[in-house]
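An overview of the molecular structure
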Amino acid sequence: MVSNRQKIGKLQYALDRLGYTVFYSTHQFRSDTQNRLITMHKLEHRVWDPKKERFRNEEIFSSASQIQVLLFLRNILFWLEGKDIPPLNNTKGAAVLEMKWKEFLSKNEKPPQ
């Protein structure tokens, strides 16, 4: 069975083949209110900074849910390929994911094919 991390890696590879490099990272912190460790997942991509005349990494998505990261990468892949993005239906956190997706689309124009 393929883990979510392996699926994220495969989606990263597919996006890279289309010319859209995405970096995935995690970090943990202790939540005193939940009395446990929380793992945060972050997606970044490189953008050109004309003022500094170099590339910098810009965060495009962040979540405590690895599934949401997976769905966000899937959305980027479908977007780049010109496919319709499937609905999220009753996925946990779907409203937040939808809001962040719309924010991503407003900031990014589709790269030429």
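Refer to the structure printed above.
Before going into details, it helps to say that this report is about the structure given with it.

Scoring rules and cut-offs
Residues numbered from 1 in each chain as written. Predicted model: local features only at pLDDT ≥ 70, side-chain atom pairs only at ≥ 80, totals over all residues. Heavy atoms only, no water. Helix = DSSP H or I, 4+ residues; strand = E, 2+ residues; numbered from the N terminus. Buried < 20%, exposed > 50% of the residue type's maximum accessible area, 1.4 Å probe, protein only. Pairing = 2+ DSSP bridges.

**A few points about the overall build of the protein**
Counting its secondary structure elements, the protein contains 3 helices and 3 strands. Traced from its N-terminal end to its C-terminal end, the protein shows the element sequence α-β-β-β-α-α. With the principal axes as the frame, the protein shows a C-alpha extent of 45 × 35 × 30 Å. For the protein, the residues scored as buried account for 35% of the 113 residues in total.

**Let's talk about the pairing of strand 2 (residues 36-49)**
In the sheet, strand 1 (residues 22-31) pairs with strand 2 via 10 bridges, with the strands oriented antiparallel. Residue pairing for strand 2: His27 is matched across the bridge by Met40. Between the end of strand 1 and the start of strand 2, which pair antiparallel, lie 4 residues, with Asn35 showing a positive phi angle near 55°. Hairpin connection, strand 2 to strand 3 (residues 54-63): the antiparallel pair is bridged by 4 residues, and Glu53 has positive phi, about 55°.

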